[in-house]
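This is what each chain is made of:
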Amino acid sequence: MTDELWWAEGFQKMFGYAPDEIEPSAESWYSRLHPDDRERVITAVRAAIDGGETFWSDEYRFLRKDGAYAEIYDRGYVIHDANRRPVRMVGS
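Parameters at a glance
- Residues numbered from 1 in each chain as written.
- Predicted model: local features only at pLDDT ≥ 70, side-chain atom pairs only at ≥ 80, totals over all residues.
- Heavy atoms only, no water.
- Core = buried A, V, L, I, M, F, W, Y, C linked by side-chain atoms within 4.5 Å.
- Buried < 20%, exposed > 50% of the residue type's maximum accessible area, 1.4 Å probe, protein only.
- Helix = DSSP H or I, 4+ residues; strand = E, 2+ residues; numbered from the N terminus.
- Salt bridge = Lys/Arg side-chain N within 4 Å of Asp/Glu carboxyl O.
- Patch = residues over 30% accessible without salt bridge, like charges linked within 9 Å, V, L, I, M, F, W, Y side chains within 5 Å.
- Areas by Shrake-Rupley, 256 points an atom, 1.4 Å probe, with all protein chains shown as cover.
- Pairing = 2+ DSSP bridges.
- Axes fitted to C-alpha atoms, helices over the stretch in contact; angles between N-to-C directions.
- Contact = heavy atoms within 4.5 Å.

Student: How do you make sense of the nonpolar core when you look at a structure like this?
Tutor: Across soluble globular proteins, nonpolar side chains show a tendency to be buried alongside one another. Counting 19 residues, the largest nonpolar core has F11, F15, W29, W56, Y60 and F62 as its most contacted members. If you tally residues by element for this core, the top one is helix α3 (residues 35-50), at four residues.

Student: I tried to follow the pattern of salt bridges on my own but got confused; where do I start?
Tutor: Proximity of charged atoms lets side chains of opposite charge pair with each other. Taken as a whole and judged by the stated rule, the model has nine salt bridges. Among the ionic pairs, D37 bridges to R40, the shortest N-O distance being 3.4 Å. One end of the pair is D37 and the other is R40, both in helix α3 and three residues apart, which spans about a single turn. In the salt-bridge network here, residues are joined through shared partners; they are D37, R40, D58 and R61.

Student: What should I look at first to understand a nonpolar patch on the surface in this one?
Tutor: Together, F55, Y73 and Y77 make up a nonpolar patch on the protein surface, roughly 320 Å² of accessible area in all. With respect to the element layout, Y77 can be found in strand β2 (residues 69-80).

Student: Could you clarify how one ought to interpret the pairing of strand β1 (residues 55-63) in this entry?
Tutor: If a strand is regular, its side chains alternate between the two faces of the sheet. Burial along β1 is one-sided: W56, D58, Y60 and F62 are buried, and none of F55, S57, E59, R61 and L63, which face the opposite way, are. Bridge count for β1 against β2 is nine bridges, and the pairing is antiparallel. By the bridge assignment for β2, F62 is matched with A70.

Student: Could you clarify how one ought to interpret the sheet that holds strand β3 (residues 86-91) in this entry?
Tutor: The strands that make up a sheet pair up through hydrogen bonds in the backbone, lying either parallel or antiparallel. Overall, antiparallel pairing links the three strands, which are arranged β1-β2-β3 in an open sheet. Strands at the two margins of the open sheet, each flanked by one partner only, are β1 and β3. This sheet shows a mean twist of 30° between the axes of neighbouring strands, independent of strand direction. The pairing of β2 with β3 spans five bridges and is antiparallel. Within β3, the residue paired with Y77 across the bridge is V90. Lying on the sheet, α3 is in contact with β1, β2 and β3; it crosses β1 at an angle near 160°.

Next up, the structure:
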C-alpha cells in the first residue's frame, strides 16, 4: 500500500476544500484529524491494515476549511491481494 489518497468531490463540498487545497496523501487526512483523536485513529487504521482485517470504523473530529471540526463516523474496507497482502483501503 502507498499513502496515496483520493478525495471524492462530495468530500470537497462537505468540508469546504477546493481540489487544489487538499494533497493526495494520507498525511493530508492525518493532519486534519483533531489532535485529541489523531493518535487513536491512526493506530486503529494501521492495526486493521497490519493485522489482516478487512474492515475498520471509528468516530472522530475532522477539520473543515472554515476551522470548525465536523463529527465523523468513518469506515474503511481493506482490500487484499491473492497472498492476503493489503493493497488498498476504500472508505467513506
